[in-house]
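# Fold and geometry: a report
Now for the letters of each chain:
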Amino acid sequence: MSSLKFNEFARAMALAVPALCLLCGQALAQNAATLPTVTVNASKITPLPAATPLDKTSLAPKLSATSDTASLLIDIPGLSLNGAGGVSSLPAINGLADDRLRIKVDGMDLIASCPNHMNPALSYIDPTHVGLLKVYAGITPVSAGGDSIGGSIVAESRAPEFAAPGQKPILKGEVGTFYRSNNNASGANLSATYATEQFNISYSGATSKADNYTAGADFKTYDFTGRVGHTLARDEVGSTAFETLNHSLGLAFKKDNHLFEAKVGIQDMPFQLYPNQRMDMLYNKQDSLNLRYLGQFDWGSLEARAYQENVDHFMDFGADKRFWYGGTLTGIGVTSSGGSTSPVGYACSPISPTCAAGMPMYTEGKTTGVSVKADMALSPQDLLRVGAELQQYRLNDWWPASGAGMWSPTTTTYAQLGKSFWNIKDGERDRTALYAEWEARKSAQWMTLIGARVEQVKMDAGDVQGYNTAVAAMGFQSRDSVAFNALDHSSTDTNLDLTALAKYTANANYDIEFGFAHKVRSPSVYERFPWSTWTMAAVMNNFVGDGNGYIGNLNLKPEAANTLSATFDWHAADSSWGFKATPFYTQVDDYIDAVQWNATTNAATSTLVTDKFVVLKYMNQSAQLYGVNLSGHMPLTKSAWGEFGLKGLLNYTKGTNEDTGDNLYNIMPLNAKLAVTQTTGAWANSAELLMVSAKDDVNAMRNEIKTPGYSLVNLRGSYSWKTVRLDFGVENLFDKFYYLPTGGAYTGQGTTMSITGTPYGTAVPGMGRSIYVGMNVKF
């Protein structure tokens, strides 16, 4: 990068690199001074692969600072977050995100039922409900992978507990609350458990809400929203408010070595607004039923699960985005237009071909799944793991007519608005998988794992229609729907995953884990089936937050990725210090990228359109990603002021489209974090320095926006009594202004229905200074 762009990041990295080198140097020095090789018992070797776990204890300091479960993962090496709503960030592992990851919540494979992916899997479990998070950021075993080419994330709520034999029944619970100053975020959580030796009933509930947040400085030259009488301050990041409620009720029965569980989950989300989407979530209702059996036998263990999830999802323009299109305001001596080019939309009546009341969009999703897994001990050194999985997914996505261009000429009144636009009708995506993997402990120092997975993905969808079926309907609705309906919508993909891993433990201070994985992912329903080239419809199909429009492609092939990765791990025998380095390389054939599309010619554009929002069509191309992730921790000193330690993290990922030479979209630039920690008695405190390089390697096809580098300082503290925990802190201590490198394009206010209605070229800013406090009480 140039010397000007280097500037602030260089100064921050000048602090980070020596610290990381200190961690590495300590690791190497300790390893060099180690006495001759120590024999390590095979039973002490960490099983393969080494997923990164976050348990309740390590998660506790973060719960008051966020309502977004995905953000709990931010300190995992190689993991970053793609911006979305306040509780729905999309995690990325080594540059691969969203549907390219396998994310399971309490064993359920959940799918985002929304053309903007506003309801991803992790949004359905509140941070306070999480008992354990596991991340497979390197090579994922076939038992934890499938239909993905990146890593895997496993989120589990708290496991049921039972009274010990002869002990009286357990009756316990927790209640907590928090407040965050920047966006007036507040919330509360409650959990309660009653358990005997064989029976457990538990309830968990949580609610949180927030207003829009403000950036560290003004970032706009306008304040209009498209709503009469409603403006936003120029440092206010529009469409970042949210409100959500989550409930979970669990029953568990234990008999000898057999456990039966049943969980019912309900989410009621009144709204979640989006600063990088043209629409907002104005209602999301999810209910799920999750049944599980786990049995321990002489030969090993057996786990079976069956689940069903139903989602009702509604989008329209939220409070910061224009709702009325086409009306006029007439006052004393003035007539103001509310047409599509006006910055303000006035209410109009009756709704007609020249007047639209918003753009309602509905989605219904239903996911049903069954899985069976057995772990069989073939010998004291060999474990065979086999399993089978079935998943059935159904989706309907339709947009009722609301007037203006969303109108059928055969109707004359609002009650007769007529045809709905069917974005996806009777969408189907069914998965069937079988897998087997063999984990072997060859010696006290060697462990290996090999696995294979065969998966079949069947997809189909029904015929579609636009708002207007007339041949001359705007946006080529008739042409495109007729062409789509004439094609075969069904497809069947047979995918093969292979994994080979090995771990070598040299001594008590050093081991290495390395391996190869071949992973395959079939396209999603929102990559294959959206059919309209009409710009207004296309911009509603966008799950990456770049402000552009997207068209599906029935001819997409599955993505096939080959990954090489290794983790070099230096550590103390008691884990008091450690340093890890994980280089990786991934080659992806038939990577699903996109090309700019000309609706008039219904073909790729001959010349790249720059510096504006565009319409693109998904296409298979080839890509490569490579990089390295470093992490470490070490003690600094111990004094009357307590124990001081240092933690560090550095991530680098580079992604390239090999067909075009372009950079891949939404790749997090070089970033690092340092934290000095202090513990003394019941106190635990830390000071963090976060450093992010300028994002200059952007995706030209999507006109991705460059962002400058920045550094932030966060302070955190906590104090724990026997049954009470108090957390507090300040994020972005110096109120620095910065843009989110993977936060997408700002479309959080104004005339967002039109692709030209919001200014191009502004990235979504990060939050300014925010003070938070939270308390949790056990009873």
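### Some points on the sheet that holds strand β1 (residues 52-55)
- Spatially, β1-β7-β8-β5-β6 is the arrangement adopted by the 5 strands of the open sheet, whose pairing is mixed. Two strands lie at the open edges of the sheet, namely β1 and β6 (108-109), each paired on one side alone.
- Pairing of strand β7 (residues 130-136) with strand β8 (residues 152-157) involves 6 bridges; the strand directions are antiparallel. Pairing of V135 across the sheet is with I153, part of β8.

### Some remarks on the pairing of strand β17 (residues 258-272)
- Sheet topology note: the strand β16 (residues 242-255)/β17 ladder contains 13 bridges and is antiparallel. Across the sheet, the residue bridging to N246 is Q267, located in β17.
- Connecting β16 to the antiparallel partner β17 that follows it, the hairpin turn spans 2 residues, and D256 within it adopts a positive phi of roughly 55°.
- Strand direction decides the pairing type here: β17 and strand β18 (residues 280-297), joined by 13 bridges, are antiparallel. What sits directly across from V264, in β18, is L289.

### Structural notes on the confidence of the model for the protein chain
- Within the protein chain, residue pLDDT values average 91, and 90% of them lie at 70 or more.
- Counting interchain partners and residues more than four positions distant, the pLDDT-below-50 stretch residues 1-20 has 33 contacts.
- Of the regions scoring below 50 in pLDDT, residues 413-417 engages in 10 contacts with residues more than four places distant in sequence or in other chains.

### Notes on the nonpolar core
- Core analysis: the biggest nonpolar cluster contains 71 residues, and M279, M359, W399, Y467, V525, M540 and M753 have the highest contact counts within it.
- Secondary-structure elements contributing two or more residues to this core are β25 (382-399), β26 (421-441), β27 (446-460), α4 (525-528), α5 (535-538), β30 (549-551), β32 (578-598) and β34 (615-639).
- Contact partners of M753, with chain neighbours within four places excluded, come to F317, Y325, G358, M359, M406, M536, V539 and M540.
- Core analysis: the second largest hydrophobic core is formed by 25 residues, L73, L79, I103 and V135 among them.

### Section: the packing of aromatic side chains
- Scanning the model with the defined rule gives 27 aromatic pairs in all.
- Plain terms: the ring middles of Y467 and W534 are 6.2 Å apart, the flat faces sit at 90° to each other, and that makes the pair edge-to-face. Here Y467, found in the loop between β27 and α3 (477-485), pairs with W534, found in the loop between α4 and α5; they are 67 residues apart in sequence, far enough to count as distant. We note that Y467, like W534, is buried.

### Focus: the sheet that holds strand β2 (residues 79-82)
- Pairing is antiparallel in the open sheet, where 3 strands are placed in the order β2-β3-β4. Since the sheet does not close on itself, it has two edges, and those belong to β2 and β4 (96-97), each with one partner.

### A few points about the environment of E197
- Its location among the elements puts E197 in the loop between β10 (185-195) and β11 (199-210).
- A residue is classified by how much of its surface remains accessible, and E197, at 36% relative accessible area, is partly exposed.
- Once the C-alpha coordinates of E197 and K255 are considered, the two residues, 58 residues apart in sequence, prove to be 9.0 Å apart.
- What E197 contacts, discounting residues up to four positions off in sequence, is F162, A163, A164, P165, G166, Q167 and K254.

### Describing α3
- Every buried residue of α3 is listed here: Q477, S478, D480, S481 and F484.
- Check the buried side of α3 and you find it contacts β26.

### Describing the pairing of strand β5 (residues 102-105)
- Of the two faces of β5, the one carrying R102 and K104 and the one carrying I103 and V105 are both buried.
- Looking at chain direction, β5 and β8 are connected through 4 bridges and run parallel. The residue of β8 that forms the bridge with R102 is S152.
- With antiparallel pairing between neighbouring strands as the criterion, β5 and β6 make up a hairpin whose turn holds 2 residues, including D106 at a positive phi of roughly 50°.

### Structural notes on the side chain of N703
- Mapping N703 onto the fold places it in the loop between β37 (683-692) and β38 (710-720).
- For N703, a relative accessible area of 8% corresponds to the buried category.
- There is a polar contact of 3.1 Å between the side chain of N703 and the backbone oxygen of V609.
- In terms of polar contacts, N703 uses its side chain to reach the backbone carbonyl oxygen of K612, at 2.7 Å.
- Those residues in contact with N703 that lie beyond four places of it in its chain are Q596, V609, T610, D611, K612, V614 and Y760.

The rules behind the values
- Residues numbered from 1 in each chain as written.
- Predicted model: local features only at pLDDT ≥ 70, side-chain atom pairs only at ≥ 80, totals over all residues.
- Heavy atoms only, no water.
- Pairing = 2+ DSSP bridges.
- Helix = DSSP H or I, 4+ residues; strand = E, 2+ residues; numbered from the N terminus.
- pLDDT = per-residue confidence, 0-100.
- Contact = heavy atoms within 4.5 Å.
- Core = buried A, V, L, I, M, F, W, Y, C linked by side-chain atoms within 4.5 Å.
- Buried < 20%, exposed > 50% of the residue type's maximum accessible area, 1.4 Å probe, protein only.
- Phe/Tyr/Trp six-rings, centres within 6.5 Å; stacked < 30°, edge-to-face > 60°.
- Polar contact = N/O pair within 3.5 Å; in protein donor to acceptor, adjacent residues only side chain to side chain.

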